[in-house]
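Spelled out, the chains give:
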Amino acid sequence: MSSSMGKTIGKNIIRMILLVIAVSIAAFTLMTLSPIDPLQANVGQAALGSMSQEQIAKLEEYWGVGQPPLQRYLAWAKDFFTGDMGVSLLYRQEVSKVIAVKLGNSMFLMVMAWVFSGILGFVLGAVAGMHRGRAADKIIRGYCLTVSSTPAFWIAMLLLIVFGVWLKVLPIGLSVPIGVEASGVTFLDRVRHAILPAVTLSITGISNIALHTREKMIDIMESDYVLFARARGESNWQIFKNHGFRNVIGPAMTLQFAAISEIFGGSVLVEQVFSYPGLGQAAVSAGLGSDLPLLMAITIISALFVFGGNLIANILYGVIDPRIRKGEKAV
Amino acid sequence: MEKNTSPVLEIRHMNISFLQYEKGFRQVELPVISDLNLTIEEGEMVAVVGSSGSGKSLLAHGVMGILPYNASMGGEMIYRGQPLTRKRIQKLRGNEIVMVPQSTSYLDPLMKVGQQICKGSRDEEKKKKLNQIFHRFSLEEKVQQQYPFELSGGMTRRIMISTALIENPRLVIADEPTPGLHLKMAKRAMEHFRQLADMGAGVLVITHDLELALETADKVVVFYAGHTIEEANASDFKEVSLLRHPYTRALWKAIPQNGFESIPGIQPYVKEMPKGCPFAPRCEKRTAECEGEIPYRKVRDGYVRCLYDA
Ligand SMILES: Nc1ncnc2c1ncn2[C@@H]1O[C@H](COP(=O)(O)OP(=O)(O)OP(=O)(O)O)[C@@H](O)[C@H]1O
Ligand SMILES: [Mg+2]
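What you see as residue numbers is a count from 1 along each chain, following the sequence as written. Labels follow written order: the first chain is A, the first ligand is 1, and so on. For a predicted model such as this one, the threshold for reporting local features is a pLDDT of at least 70, and the threshold for listing and counting side-chain atom pairs is 80 or more; totals across whole chains, interfaces and linings nevertheless cover every residue. For side-chain calculations, the full set of non-hydrogen atoms in the structure is used, while hydrogens and water are omitted.

A.B. asks: Go over the overall build of chain B with me, naming the residues and quoting the values.
C.D. replies: A tally of helices and strands in chain B yields eight helices and twelve strands. For 310 residues, the compact-globule formula gives about 19 Å, and the C-alpha radius of gyration of chain B, at 20 Å, lands near that figure. With the C-alpha coordinates aligned to their principal axes, the bounding extent of chain B is approximately 65 × 50 × 40 Å. Residue burial is assigned from relative accessible area. The probe radius is 1.4 Å, only protein chains are included, and a residue is buried under 20% of its type maximum, exposed over 50%, and partly exposed in between. Counting all 310 residues of chain B, 54% fall into the buried class. The criterion used for residue contact is that any of the two residues' heavy atoms lie within 4.5 Å. Sequence-distant contacts in chain B: of pairs separated by 6 or more residues, those separated by 24 or more amount to 65%. Approximately 14,800 Å² of chain B is accessible, and the part contributed by carbon and sulfur atoms is 51%. Helix and strand labels come from DSSP, where a helix needs a run of H or I of at least four residues and a strand needs a run of E of at least two; each type is numbered from the N terminus. Each radius of gyration reported is based on C-alpha atoms, and the globular scaling rule is 2.2 Å times the count of residues to the power 0.38. Accessibility throughout is a Shrake-Rupley quantity obtained with a 1.4 Å probe, and a residue counts as covered only by protein chains that appear here.

As C-alpha cells, then:
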C-alpha cells in the first residue's frame, strides 16, 4: 500500500508542476496580448503628455514595454523557480509580501465561507433529501435554485444595502475600520468586516453543496438497504444515523473540497464589491494595471489552491470509502 | 394440527398491482398478484415455491409494508387475530416480524456487518447473541468488522439470515435465503428456521429449491404468475398422485429423482395474462371452462385452484 501511495504522490507532484507551467504560460500570454497600455493605465494620459522622451523610456523599461515576450517570460520563470517572485510594479514591494497580506485577508474570508457553506449546505441538503417532496424540501430546493441563478455581486449589493446602509449594523467595506491604527484593530473588527463578504460567498456556496447532497440522499433513500432498514423497524433518525450520513458524507466532502475553486473564483467578485483588500481584489488591480509579477504569482497560487482542493478531494475519497481503501490493500 | 390459537399470519385475497405510465401519459394498472391466500400457524414452517417473477418477493414486501410507492395492495392480512394495518406493521417489523432479504443490495455497503446486524446498537446482550450465531454459522468473529464487499456470496447470505436470528421473531419471512450456500450450509440455515418454528414462531420461506423446502417445511404453497395455485402438505410430495394441481405435478416431475422432466412453455407475463386459469396455455387438461373464474377450493386437507382434481 505504501509503495502505491508513494506512486500517487509522485504522480501528483509531476502533474502539479506541469499545471503551474501551463498556467503561467497562459497567464503570461494573455497579459502580453492585453490591449491595456501599462503606461496609460498607470501613469495617465495627461501625465504622459507632459513627460520628456527619456522619462517615458525609463517608465517603459519599468513596465516592460517593448521587451521581447519570450525573453521576458524566461527571465521571470528563472527567478520564480529559484524562489524569487519579483517586485510588484504597482505596490513597489516584494510580491511575496504583498501576497502574504492579501492572502491572509482572503483566507480569513474564504475559510469562513467554506466552513459555513459546507456545514449548512450539507445539513440543508440532507434534510431536503430525507424529506423529498415535502414542505422542507420544497423550501430548501427553491432557495437553492433561486440563489444559484442569482449573480453573486447582486447578492453582495443587496446585503450591503440591507445590513450596511439601512440597518447600519455591519461595515460597508474594507477589512479593517477606517482611520484606526493597525495596532488598534481587534480580531472582532476583522470578523465584523469579513461577515458580509463571507456571507455572500456562503450563500452562493450553499446551494451547490446542498443540491448535490440532496440528490445523493434521495438515491440513498431509494436504495434497497434503506428499504431493508425500514423493514427492520429503523426510525427515520436511525436510518439517517446508520445509513444516510455514512453514505452521503464521502461524496459531500469530496464535493466541498473540489468547490474550493468556486469559492476562490467567487471571492474575486465579492472582494471587488466590498472593496475588501484580498487576493481577488489584488488580482483585478494587477490585471488592469499590467503588474506582471504580481498577477503571475496570484495566478499560480490560485491554481495551486484549486489543484490542492481537488487533490484532497480525491485522496479523501479513498480514505473515507472502505471499498477503495481496502480494495487497494487486496490488490 | 390442533387449532387452539389463531394463526400467526393469515392472508386472504391479497392482490398487488402497479400503476405504470405507458407511451406518454396513459396510466395502466398491472396486476402482479391476484387472489393470494396463505395461512401460517404457530410452529409452522411454510415454503413458498414458484418460478422467477411469480410475485414471491412482492408478497414478502407486501407483508412488511415496504412496497414501492407506485404499488397498491388489496385484500386482508390478519396477524395473530388482528388486522395487520400499516401502523401495526410499522410497530412490529424488525422485532416481532422479520424479513431476510433476497440480495446483497439490501446490505449497507459502508457499514460493518456486525454493526449492521445489530442495527448500530452497542448492547452487550446483542453482541453475545451475535457471537453465538456466528459460531453456529461457522463465521469467524473478525468477519463482524468487515464490510459487505469483502464477503463471499455464501457469507453474505449467512449475514442476511443473521439479521433475522438476532431478533426474537414470532414471524419470519425469508426471501430466498439459501442460494449461493453449499448444501450443508443451506441445510443448516433451514434448520435454523425450523428451530425458530419449533420454538413457536411462524416461518415463511420463499425458495426456488423445492427439494430443500420439502426436507424441512410443513406446508408448501405454489405460486404461478401471481396466483396461489396450490397449498399442499410437504408429505403430499412423496406421492405425485397426492398433489392437486397440474403445475405442482410438473414441479414434482422436474426434481432429478423423479425424472428431471420439464414441461414446455413459460409462465405468462402480467401484460399477457390469459383469462381464467393462468396455467391453462401449458396445461394438457385444459377445457373451455378454464377461461372462466377458477375458485381456490379445499381438496384433501389442502387447497387447489383448478377445476379438475387429480
Ligand atoms: N416496481 C415494480 N414495478 C413494476 N413491476 C414490478 C415491480 N417490482 C416487481 N414487478 C413485477 O412483479 C412481478 C413479481 O416480482 P417479484 O420480484 O415478486 O418476483 P419473484 O417471484 O420474487 O422472482 P424471483 O424469484 O426472481 O425473485 C414481476 O413480474 C415483476 O416484473
Ligand atoms: Mg424475489
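After that view of the structure, there is still more to cover.
A.B. asks: Can you break down the overall build of chain A residue by residue, with the values?
C.D. replies: A count of helices and strands for chain A gives 15 helices and zero strands. Its C-alpha atoms put chain A at 90 × 60 × 40 Å along the principal axes. Looking at chain A as a whole, 40% of its 331 residues qualify as buried. Sequence separation of at least 24 residues holds for 74% of the intrachain contacts in chain A that already meet a minimum separation of 6. By element, 68% of the accessible surface of chain A is carried by carbon and sulfur atoms, the whole surface being about 17,400 Å².

A.B. asks: Go over the interface of chain B and chain A, please, and point to the residues and values.
C.D. replies: Tallying the contact residues gives 26 residues for chain B and 20 residues for chain A. Two parts lose some accessible area (1.4 Å probe) when they are put together, and adding that loss for both gives the buried area. Taken over both partners, the interface formed by chain B and chain A buries close to 2,100 Å², and the fraction arising from carbon and sulfur atoms is 60%. When the area that chain B buries against chain A is broken down by residue, the three leading residues are B:Tyr106, B:Leu110 and B:Lys119, summing to 30%. Think of a salt bridge as a Lys or Arg side-chain nitrogen and an Asp or Glu carboxyl oxygen that are within 4 Å of each other. At the boundary of chain B and chain A, one finds one salt bridge. Here A:Arg232 makes a salt bridge to B:Glu167, at a shortest N to O gap of 4.0 Å. We define a polar contact as two N or O atoms separated by no more than 3.5 Å, with the added condition that, inside protein, one atom must be a possible hydrogen donor and the other a possible acceptor, whereas residues neighbouring each other in sequence contribute only through side-chain atom pairs. Counting every contact that joins chain B to chain A gives ten residue pairs in polar contact (both at pLDDT 80 or more).

A.B. asks: Report on the layout of surface pockets, specifying residues and quantitative values.
C.D. replies: In the cavity and pocket records, a cavity denotes points on a 1 Å grid over the protein atoms alone where a 1.4 Å probe fits but cannot get out, a pocket denotes an open set with protein on both sides within 12 Å along at least 5 of 7 lines, and lining residues are residues with an atom within 4 Å of a point. Grid points are joined across faces, edges and corners, and a volume is the space filled by probe spheres set on the points. For the largest pocket, the calculated volume is near 750 Å³. Every residue lining the largest pocket is counted, 21 residues in all, and those nearest its centre are A:Met221, A:Glu222, A:Leu227, A:Arg230 and B:Tyr69. Looking at the lining of the largest pocket, the elements with two or more residues in it are α6 (95-130), α9 (187-221) and α10 (224-231) of chain A together with α2 (86-92) of chain B. At three residues, the largest contribution of residues to the lining of the largest pocket is made by α10(A). Under this grouping Gly is polar, as are all residues other than the nonpolar Ala, Val, Leu, Ile, Met, Phe, Trp, Tyr, Cys and Pro and the charged Asp, Glu, Lys and Arg. By residue class, the composition of the lining of the largest pocket is eight nonpolar, six polar and seven charged.

A.B. asks: I'd like to hear about the environment of B:Gln27, residue by residue, with values.
C.D. replies: All names here are of chain B. Within the element layout of this structure, Gln-27 appears in strand β2 (residues 26-40). What makes Gln-27 partly exposed here is its relative accessible area of 44%. The spacing of Gln-27 and Val-203 is 176 residues in sequence and 37 Å in space, taken between C-alpha atoms. Those residues in contact with Gln-27 that lie beyond four places of it in its chain are Leu-19, Gln-20 and Tyr-21. At a separation of 2.9 Å, a polar atom in the side chain of Gln-27 contacts the side chain of Tyr-21.

A.B. asks: Go over the sheet that holds strand β4 (residues 71-79) of chain B with me, naming the residues and quoting the values.
C.D. replies: Backbone hydrogen bonds hold the strands of a sheet together, and the pairing may be parallel or antiparallel. All names here are of chain B. At least two bridges found by DSSP between two strands are what make those strands a pair. Reading across from one edge, β2-β1-β4-β5 is the order of the four strands in this open sheet, with antiparallel pairing throughout. Of all strands in the sheet, those with a lone pairing partner are β2 and β5 (82-83), marking the two edges. Sheet contacts for helix α1 (residues 56-64): β1 (9-22), β2 and β4; angle to β1, the most-contacted strand, approximately 105 degrees. Only the contacting stretch of a helix is used when fitting its axis, a line to C-alpha atoms as for every element, and angles between N-to-C directions run 0 to 180 degrees.

A.B. asks: Tell me about the sheet that holds strand β10 (residues 227-233) of chain B, and name the residues and values.
C.D. replies: All names here are of chain B. Spatially, β6-β7-β8-β3-β9-β10-β12-β11 is the arrangement adopted by the eight strands of the open sheet, whose pairing is mixed. Two strands lie at the open edges of the sheet, namely β6 (97-100) and β11 (297-299), each paired on one side alone. Taken over all neighbouring pairs, the strand axes of this sheet differ in orientation by 25 degrees on average, direction set aside. The sheet contact formed by strand β7 (residues 171-175) and strand β8 (residues 202-207) spans five bridges and is parallel. Residue pairing in the sheet places Leu-171 in a bridge with Gly-202 of β8. Seen against the sheet, α1 touches β3 (45-49), β6, β7, β8 and β9 (219-224) and runs at an angle of roughly 150 degrees to β6. On the sheet, helix α6 (residues 183-198) packs against β3, β6, β7 and β8 and is oriented at approximately 155 degrees with respect to β8.

A.B. asks: Any details on the coordination of the magnesium ion (ligand 2)? Residues and values, ideally.
C.D. replies: Residues and elements named next belong to chain B. Donor criterion used throughout: N, O or S atom within 2.8 Å of the metal, extended to 3.2 Å for Na, K and Ca. Water excluded; incomplete-looking sites may result. Protein coordination of the magnesium ion (ligand 2) is provided by Ser-57 (OG) and Gln-102 (OE1), with donor distances spanning 1.9 to 2.2 Å. Of this pair, Ser-57 sits in helix α1 while Gln-102 sits in the loop between β6 and α3 (113-117), and the two are 45 residues apart along the sequence. On the accessibility criterion, Gln-102 (29% relative accessible area) is partly exposed.

A.B. asks: Describe the packing of aromatic side chains, and please don't skip the residues or the numbers.
C.D. replies: Residues and elements named next belong to chain A. Centres within 6.5 Å are what make two rings of Phe, Tyr or Trp a pair, Trp counting through its six-membered ring; a difference in plane orientation under 30 degrees is then read as stacked, over 60 as edge-to-face, and the rest as tilted. Tallied over the full model, the rule gives 15 aromatic pairs over all chains. Look at Phe-264 and Phe-305: their rings are 5.1 Å apart centre to centre, the planes differ by 50 degrees, and that puts the pair in the tilted class. Residue Phe-264 is found in helix α12 (residues 260-273), and its partner Phe-305 is found in helix α14 (residues 292-320); the two are separated by 41 residues along the sequence. Given a relative accessible area of 8%, Phe-264 falls into the buried group. Linked through ring pairs, Phe-28, Tyr-73, Trp-76, Phe-80 and Phe-81 together constitute an aromatic cluster.

A.B. asks: Talk me through the site of ligand 1; I want residue IDs and the actual numbers.
C.D. replies: All names here are of chain B. Near is defined per residue: the residue qualifies when any heavy atom it owns lies within 4 Å of the molecule or strand. Of all residues adjacent to ligand 1, which total 15 residues, the nearest are Ser-52, Gly-53, Lys-56, Ser-57 and Gln-102. A distance of 2.7 Å separates an oxygen atom of ligand 1 from a polar atom in the side chain of Ser-57. Residue Leu-58 places a main-chain N or O atom 3.0 Å away from an oxygen atom belonging to ligand 1. Calculation on ligand 1 without its partners gives an accessible area of 640 Å², and the protein chains cover 71% of this total. At the level of secondary structure, the elements contributing two or more residues to the shell around ligand 1 comprise β1 and α1. Looking at the shell around ligand 1, the element that brings in the most residues is α1, giving three residues. Along the lines of polarity and charge, the residues of the shell around ligand 1 split into four nonpolar, nine polar and two charged.

A.B. asks: An account of the nonpolar core is requested, with residue identities and associated values reported.
C.D. replies: In plain words, nonpolar cores are sets of buried Ala, Val, Leu, Ile, Met, Phe, Trp, Tyr and Cys residues tied together by side-chain atoms within 4.5 Å. The biggest cluster of nonpolar side chains holds 56 residues, and the ones touching the most others in it are B:Met45, B:Phe137, B:Ile159, B:Ile161, B:Phe193 and B:Val203. Broken down by element, the residue count for this core peaks at seven residues, all from α6(B). Apart from residues lying up to four places away in sequence, B:Ile159 is in contact with B:Leu107, B:Val113, B:Ile117, B:Phe134, B:Leu139, B:Val143 and B:Leu151. If you look at the next biggest cluster of nonpolar residues, it comprises 43 residues, including A:Val20, A:Met31, A:Ile99 and A:Phe274.

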